[in-house]
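# Remarks on the overall topology
Take a look at the letters that make up each chain.
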Amino acid sequence: MNDITVLAMWLLNAALVFVVLGLVANIALLSTQRRANAVARQGADSTGGPATGVATKRRGGGLDTYATGFVVIALLLVTAYLAVRWYKAEHGPFANGHEFVVAFVWGILVAYLIAEWRFKLRVVSFAVLPVVAVALPFSLTRDTEITSLVPALQNPLLMLLHVGFAVISYGAAAVSFGAAVAYLWRPKWIKIDAGRLDELGYKAAMVTFPTLTVMILVGAYWGQIAWGRYWAWDPKETAALITWLLYGAYLHARVSRGWQGKTAAWLLIIGFGLIIFTYLSSYYLGLGGQHSYVG
């Protein structure tokens, strides 16, 4: 086992621990809010007035700081791993299945932290952080060795742009997925503004669609350089196109027809499912194609 493999095991397992801690802290925080809201309601019932006091105390006695801090530490660990790997490989760490899954995780964590800061909807973590908790150990099942780039990938700028926009797009899609799941679930014991969840899903999809567009366009241009054609109906290309069409349809329906609610939430969930399928389609599902080497 070489030094990169050891580093991967240590940093990524440590990141997994902190992701799980962040999820547990969020669950504990929301459970604390549940108890506080119950006490407040009892107080309102006994006095005949509005619920005050208990539910407005500093949330969870500082659990919010721990919940966010754990996720930030996980992001720093993943960032450190990608940076070291980039330095060792002398090219962007996006050349194989292991590296792309880790980059995908990085994008999800960044998008989640931005959404948490902007919207303060921690319930989204119940759907987003488990995706990370599955993806990190999955990345370690792939080959963690650093290898030379295959000829088709030997274009550092286009590789960085193509995969970089994919990471941003997929990270935002994970947040829209989390918002959609939370919208459909909305447990009664958590006070949630359904409209804000719907808005978060929409805002995240507004990031997903244009970055997915750029990813496809850069990929087509790169395909012309590497393989002599812009589009080959490769399984991954086809799946990416279908995903792009779905997010485009969602945004069109949202803007032109004011689509909101359960149907819109299900579209965002299906969209994220298509993103996962797009990644798995070539290598893991045995469909082959020109992208099979990234598995």
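As a starting point, this report considers the structure included with it. (Residues numbered from 1 in each chain as written. Predicted model: local features only at pLDDT ≥ 70, side-chain atom pairs only at ≥ 80, totals over all residues. Heavy atoms only, no water.)

## Notes on the overall build of the protein
Looking only at helices and strands, the protein features eight helices and zero strands. Along the protein, helices and strands appear, N-terminal first, in the series α-α-α-α-α-α-α-α. Scored against the burial criterion, the 295 residues of the protein give a buried share of 49%. Looking at the protein as shown, the accessible area adds up to about 14100 Å², and 66% of this sits on carbon and sulfur atoms. (Helix = DSSP H or I, 4+ residues; strand = E, 2+ residues; numbered from the N terminus. Buried < 20%, exposed > 50% of the residue type's maximum accessible area, 1.4 Å probe, protein only. Areas by Shrake-Rupley, 256 points an atom, 1.4 Å probe, with all protein chains shown as cover.)

## Quick notes on unusual backbone geometry
Even without a glycine there, the phi angle at lysine 120 is positive, about 55 degrees. With respect to the helices and strands, lysine 120 occurs in the loop between α3 (97-119) and α4 (125-139). By relative accessible area, lysine 120 is classed as partly exposed at 45%.

## Here we look at the packing of α3 against helix α5 (residues 156-185)
Packed helices, taken two at a time, are described by their axes: the angle between them and the distance between them. Viewed as axis vectors pointing N to C, α3 and α5 meet at an angle of 50 degrees, and their least axial separation amounts to 7 Å. Regarding the angle of α3 to α5, the classification is oblique. The interaxial crossing formed by α3 with α5 has right-handed handedness. Taking contact as the criterion, the partners of Phe100, Ala103, Phe104, Trp106, Gly107, Ile108, Ala111, Tyr112 and Ala115 in α3 are, on α5, Val163, Ala166, Val167, Tyr170, Gly171, Ala172, Ala174 and Val175. Split into classes, the residues belonging to the contact of α3 with α5 amount to 15 nonpolar, two polar and no charged. (Axes fitted to C-alpha atoms, helices over the stretch in contact; angles between N-to-C directions. Parallel < 35°, antiparallel > 145°, perpendicular 65-115°, else oblique. Left-handed = near helix turned anticlockwise from the far one by under 90°. Contact = heavy atoms within 4.5 Å. Nonpolar A, V, L, I, M, F, W, Y, C, P; charged D, E, K, R; others polar.)

## Describing α5
Between its first and last C-alpha, α5 extends 43 Å over 30 residues, near the 44 Å set by a 1.5 Å rise per residue. One or two positions beyond α5, positive phi appears at arginine 186, with a value near 30 degrees. (Expected span 1.5 Å × (residues − 1).)

## Some details on helix α2 (residues 63-89)
Over its 27 residues, α2 runs 39 Å from end to end, which matches the ideal 39 Å to within 8%, given 1.5 Å per residue. Those residues of α2 not exposed but buried are Asp64, Ala67, Phe70, Val71, Ala74, Leu75, Leu77, Val78, Tyr81, Leu82, Arg85 and Ala89. Two residues or fewer past α2, glutamate 90 is found with a positive phi of approximately 65 degrees.

## Brief notes about the nonpolar core
As a rule of thumb, nonpolar side chains are buried together in soluble globular proteins. By size, the foremost hydrophobic cluster in this structure holds 82 residues, and its most contacted members are Val78, Leu109, Leu136, Leu200, Tyr247, Tyr250 and Phe272. Every element with two or more residues in this core is listed here: α1 (3-47), α2, α3, α4, α5, α6 (194-227), α7 (235-257) and α8 (262-281). Looking at this core element by element, the count peaks at 14 residues for α5. Setting aside anything within four residues of it in sequence, one finds tyrosine 247 in contact with Ala173, Ser176, Ala205, Thr208, Phe209, Leu212, Leu268, Gly271, Phe272 and Ile275. (Core = buried A, V, L, I, M, F, W, Y, C linked by side-chain atoms within 4.5 Å.)

## Things to note about the side chain of serine 169
Residue position: serine 169 is located in helix α5. Here the side chain of serine 169 touches threonine 208 through a polar contact of 3.1 Å, landing on its backbone oxygen. Residues within four places of serine 169 in sequence aside, it is in contact with Thr208, Thr211 and Leu212. (Polar contact = N/O pair within 3.5 Å; in protein donor to acceptor, adjacent residues only side chain to side chain.)

## Some words on a nonpolar patch on the surface
The grouping of Tyr221, Ile225 and Tyr230 at the surface amounts to a nonpolar patch, some 350 Å² of accessible area in total. Inspection of the secondary structure puts isoleucine 225 in helix α6. (Patch = residues over 30% accessible without salt bridge, like charges linked within 9 Å, V, L, I, M, F, W, Y side chains within 5 Å. Salt bridge = Lys/Arg side-chain N within 4 Å of Asp/Glu carboxyl O.)

## Some remarks on the packing of α2 against α3
Interhelical geometry of α2 versus α3 gives an angle of 145 degrees and a closest axis separation of 10 Å. When you trace α2 past α3, the crossing you get is left-handed. Contacts between α2 and α3 pair Thr68, Val71, Val72, Ala74, Leu75, Val78, Thr79, Tyr81, Leu82 and Arg85 from the former with His98, Glu99, Val102, Ala103, Val105, Trp106, Leu109, Val110, Tyr112, Leu113 and Glu116 from the latter. Across the contact of α2 with α3, the residue classes break down as 15 nonpolar, three polar and three charged.

## Observations regarding the packing of aromatic side chains
If you walk through the whole model with that rule in mind, you get nine aromatic pairs. Consider the rings of phenylalanine 18 and phenylalanine 70, whose centres lie 6.1 Å apart with planes at 40 degrees: the pair is tilted. Separated by 52 residues along the polypeptide, phenylalanine 18 in helix α1 and phenylalanine 70 in helix α2 bring together distant segments of the chain. Classification of phenylalanine 18 by relative accessible area gives partly exposed; the value is 23%. (Phe/Tyr/Trp six-rings, centres within 6.5 Å; stacked < 30°, edge-to-face > 60°.)

## Re the environment of leucine 29
With respect to the secondary-structure elements, leucine 29 resides in helix α1. The buried category is assigned to leucine 29, whose relative accessible area is 0%. In the structure, leucine 29 is positioned 34 residues away from leucine 63 in sequence and 5.8 Å away in space, judged by C-alpha atoms.

## Side note on the pattern of salt bridges
In the structure shown here, the tally under the stated rule is five salt bridges. Each of the salt bridges in this network shares a partner with another, and the network as a whole consists of Asp198, Glu199, Lys203 and Arg254.

## Topic: the environment of leucine 23
Secondary-structure assignment places leucine 23 in helix α1. Owing to a relative accessible area of 18%, leucine 23 belongs among the buried residues under this scheme. Taking the C-alpha atoms as reference points, leucine 23 and alanine 67, 44 residues apart in sequence, are found 7.0 Å from one another. With sequence-adjacent residues up to four places away left out, leucine 23 is seen in contact with Ser125, Phe126, Leu129 and Pro130.

So far we have only geometry, and geometry alone does not tell us how the molecule works.
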